[in-house]
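Next come the chains, spelled out residue by residue.
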Amino acid sequence: MQNNQHNPFGIKMSKKPLTKNIVTLTALVIAFAVMLVLSEAGILSRHMRSMLVPVCINIILAVSLNLLVGFLGELTLGHAGFMSVGAYAGCLFSIAMKEILPMAIRFPLAMLVGGLVAAVFGVIIGIPVLRLHGDYLAIVTLAFGEIIRSVIINLEFTGGAAGLKGTPQDSTFVIAFIVVMITLILIINLVNSRHGRAIMAIRDNRIAAEASGINVTYFRMLAFVMAAFFAGVAGVLYGHNLSILTAGTFDYNKSIELLVIVVLGGMGSIRGSIVSAIIITLLPEVLRDLADYRMLIYALVLIIMMLLNASPRFAAVKAQFSPAALKAAAAAKKAAKEGNANE
Amino acid sequence: MMDFLSTLISGLSLGSIYALIALGYTMVYGIAKMLNFAHGDVIMVGAFAVITSVSMLGLSPVLSILISIVCCVVLGVSIERIAYKPLRKSPPLAVLITAIGVSYFLQSLALLIFGSTQHSFPKIINMPAIELGELTIRGNMLITLVITTAIMAGMSIFINKSKTGKAMRAVSEDRDAAELMGISVNRTITITFAIGSALAAVAGLFYGTTYGFIGPYTGSMPGIKAFVAAVFGGIGSMPGAMLGGILLGVIENLSKRYISTELSDAIVFAVLIIVLMVKPTGLLGKKINEKV
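Reading the values: rules and limits
Residues numbered from 1 in each chain as written. Chains lettered and ligands numbered in written order. Predicted model: local features only at pLDDT ≥ 70, side-chain atom pairs only at ≥ 80, totals over all residues. Heavy atoms only, no water. Helix = DSSP H or I, 4+ residues; strand = E, 2+ residues; numbered from the N terminus. Rg over C-alpha atoms; globule rule 2.2 N^0.38 Å. Buried < 20%, exposed > 50% of the residue type's maximum accessible area, 1.4 Å probe, protein only. Contact = heavy atoms within 4.5 Å. Patch = residues over 30% accessible without salt bridge, like charges linked within 9 Å, V, L, I, M, F, W, Y side chains within 5 Å. Areas by Shrake-Rupley, 256 points an atom, 1.4 Å probe, with all protein chains shown as cover. Salt bridge = Lys/Arg side-chain N within 4 Å of Asp/Glu carboxyl O. Lys, Arg positive; Asp, Glu negative; His and termini not counted. Charge placed at Lys NZ, Arg CZ, Asp CG, Glu CD. Polar contact = N/O pair within 3.5 Å; in protein donor to acceptor, adjacent residues only side chain to side chain. Domains from an automatic or database assignment. pLDDT = per-residue confidence, 0-100. Axes fitted to C-alpha atoms, helices over the stretch in contact; angles between N-to-C directions. Left-handed = near helix turned anticlockwise from the far one by under 90°. Nonpolar A, V, L, I, M, F, W, Y, C, P; charged D, E, K, R; others polar. Expected span 1.5 Å × (residues − 1). Buried area = accessible area lost by both parts, 1.4 Å probe. Core = buried A, V, L, I, M, F, W, Y, C linked by side-chain atoms within 4.5 Å. Phe/Tyr/Trp six-rings, centres within 6.5 Å; stacked < 30°, edge-to-face > 60°. Lys NZ or Arg CZ within 6 Å of the ring centre and 35° of its normal.

**Some details on the overall build of chain A**
Scanning chain A from N- to C-terminus turns up 14 helices and two strands. The C-alpha radius of gyration computed for chain A amounts to 22 Å, which stays within 12% of the reference 20 Å derived for 343 residues, consistent with globular compactness. Dimensions of chain A along its principal axes, counting C-alpha atoms only, are 85 × 55 × 40 Å. For chain A, with 343 residues in total, the buried portion stands at 50%. When contacts within chain A are restricted to residue pairs at least 6 apart in sequence, those whose partners lie at least 24 apart make up 81%.

Okay, here's the thing in structure tokens:
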């Protein structure tokens, strides 16, 4: 198995990650406020309003998957599995506590329970899985996702193939948005911290990272468990947004859809994941006629993005339009102008 | 006892189909060092080619099998040319994501063309069941077993004796050194994809005759299971793929019969995980030293 080469996707580290991320978060808050006002004022159609929570859920899922694919540099295809574990744990908790606890306490607790159970699964699965790399890791996470799904379908207390009913529908746009913000702040902090740099060092060159004293297993596990936790939380939100929770929805296709979001947004870019999660979630609803072609478009997005990333010509074009290049071009133009004036 | 024997025989028949698919996986993995996720979907395309030419165009079975093989070879080679070749020097993650994209592309294309309903597979293998005392062996199972065994024997001879086979082994051992010896790496990889896809077409034919129905997603599950088989036997090793495939088919059928039908897939995946934990190089695989 080959090692990752240096900077595999040309991911550039911004010099000022903090300001950049504050801009992202502020833009997100403004977008949230606008959507909230529009939906309260009744300008938004009922259909669009029903899309608000799924958008938030997909943002959480995409950002947490990006932690693995973009920052750790390992492809996992079992994200939907963690989501389902979290969803079932949280929903079962809510059903049990329905009469006992008020919603304001029950729902955050349910999310915590869902996230923690998913994180525990992350540890259990991570111990064997994280000994592997690349293709093997992808296929084993896929296998775990499928095992989780078939076990849930065969269990009694999860409602089996018919699905789990009776979950209180607690997911609202406001709550979902708060969870999105908490997730983003935590993940952005992780990525920009010492731990985040260690994770990225493992991505860029595992052996060099190990030689520099980075505990590779620990940091891989950390990223894996973090991602599982947030996938679980997103699953709880998902479960409390629907009247019936069925295991069938958390299949391989769901994991691929998440992968498409991450790849389209740019691996290793949190802002990109947010934007593309919004686009990919809303796209099939906005372009109803394209619904049949949705899967085909997803597939093409994956292939074309990878081919473009590998093509040197596209890299040249991209470099031409990067902010730094544009600034340099403007400066050169200005200098040329001044030179003319002096003559 | 008879029940056990007949389960075992149908397991062998299923396993030989897995072995055919696993051969394609393992050859591509050994030579191009990539996991061709779309390999399973080539099976589906091959099966649909047979359905179209027999049921819709009314061609003879032999002709339609040939058409299916040609379709798959063309498809496999064009996938390699368009999607994988530009990524020869890219990191493994990029190649893997592209392969998943190709697999998804084939599935959704088949969904658009043939719809989500399951199409019944024409009965092109007509062979009466054989009765040995109390034991009945279905005709198509016997044919599957005989033909796949013949193909596997042929493949072994081809890989070990022919010039192309030697070139393939050389490329899988050391790509750069093989190139220096005058072996065209690109040509060898193309040939590998062509052979793998032809095997997939044959596997698609047998899969169709065994299960009787084909849908757009039919290919992905046997594809993944064949990968499990390839890993089980030791990826990159051809005898390993055959052994792994047959063992996996037997395990799957026995667990379906004696444990639970719904959990049989989970059991197959558990086998993969256990193999990777205990012996990551598989039963017959060589130990790969990680290079710095």
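**Description of the environment of Phe121 of chain B**
All names here are of chain B. Within the fold, Phe121 resides in the loop between strand 1 (119–120) and strand 2 (130–132). Relative accessible area serves as the criterion here: at 5%, Phe121 is assigned to the buried category. The residues touching Phe121, leaving out its near neighbours within four places in the chain, are Ala47, Val50, Ile51, Gly204, Leu205, Gly208, Thr209, Gly212, Phe213 and Ile214.

**Thoughts on a positive patch on the surface**
All names here are of chain B. Residues Lys161, Lys163, Lys166 and Arg169 make up a contiguous surface patch of positive charge. Broken down by element, the positive patch gets its largest block of residues, three residues, from helix 6 (residues 163–173). Mapped onto the secondary structure, Lys166 falls in helix 6. Judged by relative accessible area, Lys166 falls into the partly exposed class, the value being 46%.

**Some points on the side chain of Ser171 of chain A**
All names here are of chain A. As for its placement among the helices and strands, Ser171 is situated in the loop between strand 1 (164–165) and helix 6 (173–192). Residue classification places Ser171 among the buried positions, given a relative accessible area of 9%. Separated by 2.7 Å, the side chain of Ser171 and the backbone oxygen of Leu237 make a polar contact. Apart from residues no more than four positions distant in its own chain, Ser171 is found in contact with Val53, Phe107, Leu237, His240 and Asn241.

**Here we look at the domain arrangement of chain A**
Looking at chain A, the domain boundaries give domain 1 (17–310) and domain 2 (314–343). For domain 1 of chain A versus domain 2 of chain A, the separation of C-alpha centres amounts to 41 Å.

**Brief notes about the confidence of the model for chain A**
Residue and element names in this part refer to chain A. Confidence in the prediction for chain A averages 85 pLDDT; 94% of positions are at 70 or higher. Mean pLDDT per element in chain A: helix 14 (residues 323–342) is the minimum at 75, and helix 9 (residues 216–239) is the maximum at 94. Low pLDDT (under 50) marks residues 1–8, which in the prediction has 24 contacts with non-local residues, meaning those over four places away or in another chain.

**Quick notes on the packing of helix 5 (residues 134–154) of chain A against helix 11 (residues 264–278) of chain B**
The N-to-C vectors of helix 5 of chain A and helix 11 of chain B enclose an angle of 145 degrees; their axes lie 9 Å apart at closest approach. The interaxial crossing formed by helix 5 of chain A with helix 11 of chain B has left-handed handedness. Residue-level inspection shows Tyr136, Ile139, Val140, Ala143, Phe144, Glu146, Ile147 and Ser150 of chain A of helix 5 of chain A in contact with helix 11 of chain B, the latter providing Ala266, Phe269, Ala270, Leu272, Ile273 and Leu276 of chain B. Of the residues contributing to the contact of helix 5 of chain A with helix 11 of chain B, the split by class is twelve nonpolar, one polar and one charged.

**Structural notes on unusual backbone geometry**
Positioned with a positive phi, Lys33 of chain B is a non-glycine residue whose angle comes to about 55 degrees. In this structure, Lys33 of chain B sits in the loop between helix 1 (2–32) and helix 2 (39–56).

**Concerning helix 10 (residues 238–258) of chain B**
Residue and element names in this part refer to chain B. The terminal C-alpha atoms of helix 10 lie 30 Å apart, and with 21 residues this matches the ideal 30 Å at 1.5 Å per residue to within 8%. For helix 10, the elements touching its buried residues are helix 1, helix 5 (139–161), helix 9 (220–233) and helix 11. Measuring from the side-chain oxygen of the N-cap residue of helix 10 to the backbone nitrogen of Gly240 gives 3.0 Å; that N-cap residue is Ser237.

**Thoughts on the interface of chain A and chain B**
Taken together, the contact pairs 48 residues of chain A with 45 residues of chain B. Taken together, the two surfaces of chain A and chain B that pack against each other cover about 4,200 Å², and 76% of this comes from carbon and sulfur. Counting the surface chain A buries against chain B, the share from its top three residues, Asp135, Tyr136 and Ile139 of chain A, is 15%. The tally of links between chain A and chain B comes to zero salt bridges. For the pair chain A and chain B, the number of links is two residue pairs in polar contact (both at pLDDT 80 or more). For the side of chain A that touches chain B, the secondary-structure elements that each account for two or more residues are helix 5, helix 8 (206–211), helix 10 (252–265) and helix 12 (294–310) of chain A. The element best represented in the side of chain A that touches chain B is helix 5 of chain A, accounting for 14 residues. Partitioned by chemical class, the residues of the side of chain A that touches chain B number 34 nonpolar, nine polar and five charged.

**Re the nonpolar core**
Membership of the largest hydrophobic core comes to 194 residues, with the highest contact counts inside it found for Leu75 of chain A together with Phe37 of chain B. Considering each element in turn, this core owes the most residues, 17 residues, to helix 9 of chain A. Look past the residues within four positions of Leu75 of chain A in its chain and what remains in contact with it is Val69, Leu137, Ala138, Thr141 and Leu259 of chain A together with Leu93, Leu96, Ile97 and Ile100 of chain B.

**Some thoughts on the packing of aromatic side chains**
The full count for this structure, using the stated rule, is ten aromatic pairs over all chains. On the numbers, 4.0 Å between centres and 10 degrees between planes, the contact of Phe48 of chain B with Phe114 of chain B is stacked. Here Phe114 of chain B lies in helix 4 (residues 92–114) and Phe48 of chain B lies in helix 2, a separation of 66 residues in the sequence. Between Tyr207 of chain B and Tyr211 of chain B, the aromatic rings sit 4.7 Å apart at their centres with planes inclined by 35 degrees, giving tilted as the arrangement. Here Tyr207 of chain B and its partner Tyr211 of chain B are both found in helix 8 (residues 185–211), four residues apart, which amounts to about one turn of the helix. For Tyr207 of chain B, a relative accessible area of 12% gives the class buried. Ring pairs connect the aromatic residues Phe32, Phe173 and Phe177 of chain A, which therefore count as one cluster. Cation over ring: Arg257 of chain B sits above Tyr258 of chain B, and NZ or CZ is 5.3 Å from the ring centre.

**Focus on the pattern of salt bridges**
The final tally for this structure, using the stated rule, is nine salt bridges over all chains. In this structure, the salt-bridge partner of Arg106 of chain A is Asp170 of chain A, at a minimum N-O distance of 2.8 Å. Linking Arg106 of chain A in helix 4 (residues 103–129) with Asp170 of chain A in the loop between strand 1 and helix 6, this pair joins segments that are 64 residues apart in sequence. As far as the burial class goes, Arg106 of chain A and Asp170 of chain A line up, both buried. For Asp204 of chain A, the salt bridge identified is with Arg203 of chain A, shortest N-O distance 3.0 Å. Given the relative accessible area of 21%, Asp204 of chain A is considered partly exposed. Taken together, the salt bridges that share partners define one network made up of Lys225, Glu252, Lys256 and Asp265 of chain B.

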